[in-house]
Amino acid sequence: MLQVLACGAVVFPGLFFAFRRLLPCVFKHWSDADVVLISERLVSSIHAVMATTAGVIVVSSCRGSVISDRHWLATYFVIWFGVPYMTYDIFAMYLSHYHRFRVKGHEDYKRHSLRTINSFVRREFLLVLHHIALLTILLPVTLFFRREQGDFFIGCLFLTELSTPFVSMGKILIQLGLQDCWLHKANGGMVLLTFFMCRIALFPYMYWVYGRHYGIPLYSVPFHLPLLTNLGNSCILAPQVYWFVLLCRKGYRLYRRSRMPDAEPPAVTDNPKDD
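Basis of the calculations
Residues numbered from 1 in each chain as written. Predicted model: local features only at pLDDT ≥ 70, side-chain atom pairs only at ≥ 80, totals over all residues. Heavy atoms only, no water. UniProt positions renumbered as here; feature names shortened; annotations may be inferred. Helix = DSSP H or I, 4+ residues; strand = E, 2+ residues; numbered from the N terminus. Buried < 20%, exposed > 50% of the residue type's maximum accessible area, 1.4 Å probe, protein only. Contact = heavy atoms within 4.5 Å. Areas by Shrake-Rupley, 256 points an atom, 1.4 Å probe, with all protein chains shown as cover. Salt bridge = Lys/Arg side-chain N within 4 Å of Asp/Glu carboxyl O. Axes fitted to C-alpha atoms, helices over the stretch in contact; angles between N-to-C directions. Parallel < 35°, antiparallel > 145°, perpendicular 65-115°, else oblique. Left-handed = near helix turned anticlockwise from the far one by under 90°. Nonpolar A, V, L, I, M, F, W, Y, C, P; charged D, E, K, R; others polar. Phe/Tyr/Trp six-rings, centres within 6.5 Å; stacked < 30°, edge-to-face > 60°. Lys NZ or Arg CZ within 6 Å of the ring centre and 35° of its normal.

- In the nomenclature of an unreviewed UniProt entry, the protein chain corresponds to TLC domain-containing protein from the organism Eleginops maclovinus.
- Per UniProt, the protein chain has the following entry under Subcellular location (unreviewed entry): "Membrane".

See the structure below:
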């Protein structure tokens, strides 16, 4: 078990630093901030593909009884890859933040310090809180509190990562100067669709599936679940709704900008992480 966990802890940082080495060899004009951001996005996409694949496997294997059916990936993917990735991603987000402001010439960003860490936490508070919540809510629930039940719902939570590759692709296309092509516009539509379906609509769907299993209407499901379950779902859902609103507003701004022929595309280093 410890060997597999250590493997997961090596995979994502290893991929990140490998991309940081390879990308400057191909795109010599990119700044450190560009390289770090794209490296982070590529690793996020790889993890998202892994998580989505695991989710599809678990969900399709637990269709008989959404409460009692089991699949080993529901537990072990969280331990082997979920926890190492969330821990790594906080570090990668900090590096992206640090290099973004260092490129801009901020005096406080000449070296790493408690000041730069504090600035990162304040600016990316919701994202950091989201990662910590997953580590402190999803992991204990997966391992200790669900009494070997509900693998179907754990698999559904894995499916929330489906939108991540499309969000990352948008950043990469902008960095490559392809923000005006049809592919970027089609990708933006997929971002909104997958984000809404897999990060927002998925939660009422899980409540509906639970209600159908026990023969109770959807509106009664929250009253049949423990308070901590509803609170945990709310803590995960609330930032998703907030980020979806930001994505819609950003998509509308980009649409309006595309209607203005003299508008300049935004720099990738100025865009915060949307996922």
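## Here's the deal with the overall build of the protein chain
So, point 1. Helix and strand content of the protein chain: 11 helices and zero strands.
So, point 2. Written out in order from the N terminus, the α and β elements of the protein chain read α-α-α-α-α-α-α-α-α-α-α.
So, point 3. Across the 275 residues that make up the protein chain, the buried fraction comes to 47%.
So, point 4. Partitioning the contacts of the protein chain with sequence separation of at least 6, the portion at a separation of at least 24 is 74%.
So, point 5. For the protein chain, the exposed surface amounts to about 15,000 Å²; the carbon and sulfur share of it is 66%.

## A word on the pattern of salt bridges
So, point 1. A complete count under the given rule lists four salt bridges for this structure.
So, point 2. Residue E124 is joined to R100 by a salt bridge in which the shortest nitrogen-to-oxygen separation is 3.6 Å. Taken as a pair, E124 in the loop between α4 (114-123) and α5 (125-145) and R100 in helix α3 (residues 73-103) lie far apart in primary sequence, 24 residues in all. The exposure classification of E124 matches that of R100, with both residues buried.

## Some words on the UniProt feature "transmembrane region" (unreviewed entry) in the protein chain
So, point 1. According to UniProt, the "transmembrane region" (unreviewed entry) feature falls on residues 73-95, 125-146, 152-174, 186-207 and 227-248.
So, point 2. The distance from the first to the last C-alpha atom of residues 73-95 is 31 Å, and the span holds 100% helix and 0% strand.

## What about the packing of helix α2 (residues 32-61) against helix α6 (residues 151-158)?
The description of two packed helices rests on the angle between their axes and on the distance between the axes.
So, point 1. For the pair α2 and α6, interaxial distance at closest approach is 7 Å and the crossing angle is 150°. It follows from the interaxial angle that α2 and α6 lie roughly antiparallel. For α2 against α6, the interelement crossing comes out left-handed. Residues A51, T52, A54, G55, V58 and V59 of α2 form the contact with α6, whose participating residues are D151, F152, G155, C156 and F158.
So, point 2. Counted by class, the contact of α2 with α6 contains seven nonpolar, three polar and one charged residues.

## A closer look at the packing of aromatic side chains
So, point 1. Tallying each qualifying case throughout the model produces 21 aromatic pairs.
So, point 2. Plain terms: the ring middles of F12 and Y88 are 6.4 Å apart, the flat faces sit at 25° to each other, and that makes the pair stacked. In this pair, F12 is assigned in helix α1 (residues 2-26) and Y88 in helix α3, connecting sequence segments 76 residues apart.
So, point 3. Residues Y94 and Y98 carry aromatic rings whose centres are separated by 6.2 Å and whose planes lie at 35° to one another, so their mutual orientation is tilted. Taken together, the positions of Y94 and Y98, both in helix α3 and four residues apart, correspond to about one turn of that helix.
So, point 4. Its relative accessible area of 10% is what places Y94 among the buried residues.
So, point 5. Joined through ring pairs, the aromatic side chains of F12, F16, F17, F77, F81, Y85, Y88 and F158 make up one cluster.
So, point 6. In this structure, K104 packs its charged tip against the face of F101, placed 5.0 Å from the ring centre.

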